[in-house]
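# Coordinates in review
Below are the chains, spelled out letter by letter.
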Amino acid sequence: VSFAIERQGNKIGYLPGPGDDVPASLRQVGYDVTMIGDDVLANAASSSTTTLARFDAIVVGVRAFNTNEKLRAAHPALMAYVQGGGPLVVQYNTNNRIAPLTAPIGPFPFEIGRERVTDENADVLLTTPDHRILTVPNKITERDFDGWIQERGLYFAANWDPRYQTVVSMGDPGESTLPGGILWTRYGKGTFVYTGLAFFRQLPAGVPGAFR
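Predicted model only: the values in this text are computed from it and were never measured.

Let us look at the packing of aromatic side chains. Counting across every chain of the model gives eleven aromatic pairs. Considering the side-chain rings of Phe108 and Tyr164, the 5.9 Å spacing of their centres and the 75° angle between planes classify their relative orientation as edge-to-face. Taken as a pair, Phe108 in the loop between strand S4 (87-91) and strand S5 (110-112) and Tyr164 in the loop between strand S9 (157-160) and strand S10 (165-166) lie far apart in primary sequence, 56 residues in all. Phe108 gets classed as buried once you look at its relative accessible area, which sits at 12%. A relative accessible area of 5% means that Tyr164 is categorised as buried.

Have a look at this one:
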């Protein structure tokens, strides 16, 4: 698939979730992706100086907080990375009565709901189209949501601290629209993003808008 994409930064630290194909997809568009193992996490959690600062961005795979206790223990180190200027992107995690997620994920509180948008063609409204996350380094429009597969997203944020901002809203036909597909906040010099959008499906499928 050939498509135009602008990139900012190059070195991505990736904390994988189970069955995660996103790192390979990021490498295909030119990123230098380093898998962050448990040893690096343990070192980051115990060190007074962050070992994560060498990354231009850190991405957390789907359900990684659900499955990796060391990742939960490294939360202060991840927040120190953000506070020092790093971007941290966390993909969806689950939270339910059987497997509650009690550990914090972001710098400020938010809850993960069970809402999802199952129609891959559901209308998407860019509620804050001039927001930095939708303009840099690629200008995102509704057309970037064309050609998605299987679903729009799942386990959207349901309740959040007012310091988080939202930028998109979507919903299945005949149902209420959901604004919690992307949460964005600035923390110190860096930024934190939680997203329930199904990038883990779209990137391996080569969906251009998802890459952008």
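There is more to say after this.
The next point concerns unusual backbone geometry. Cis geometry is adopted by the peptide bond preceding Pro137, which originates at Val136 and carries an omega value of 0°. Position of Pro137 relative to the elements: it lies in the loop between strand S7 (124-126) and strand S8 (153-154). A positive phi is found at Arg63, a non-glycine position, where the angle reads about 60°. With respect to the helices and strands, Arg63 occurs in the loop between strand S3 (57-60) and helix H3 (64-67). With relative accessibility at 31%, the residue Arg63 sits in the partly exposed group.

Analysis parameters
Residues numbered from 1 in each chain as written. Predicted model: local features only at pLDDT ≥ 70, side-chain atom pairs only at ≥ 80, totals over all residues. Heavy atoms only, no water. Phe/Tyr/Trp six-rings, centres within 6.5 Å; stacked < 30°, edge-to-face > 60°. Helix = DSSP H or I, 4+ residues; strand = E, 2+ residues; numbered from the N terminus. Buried < 20%, exposed > 50% of the residue type's maximum accessible area, 1.4 Å probe, protein only.

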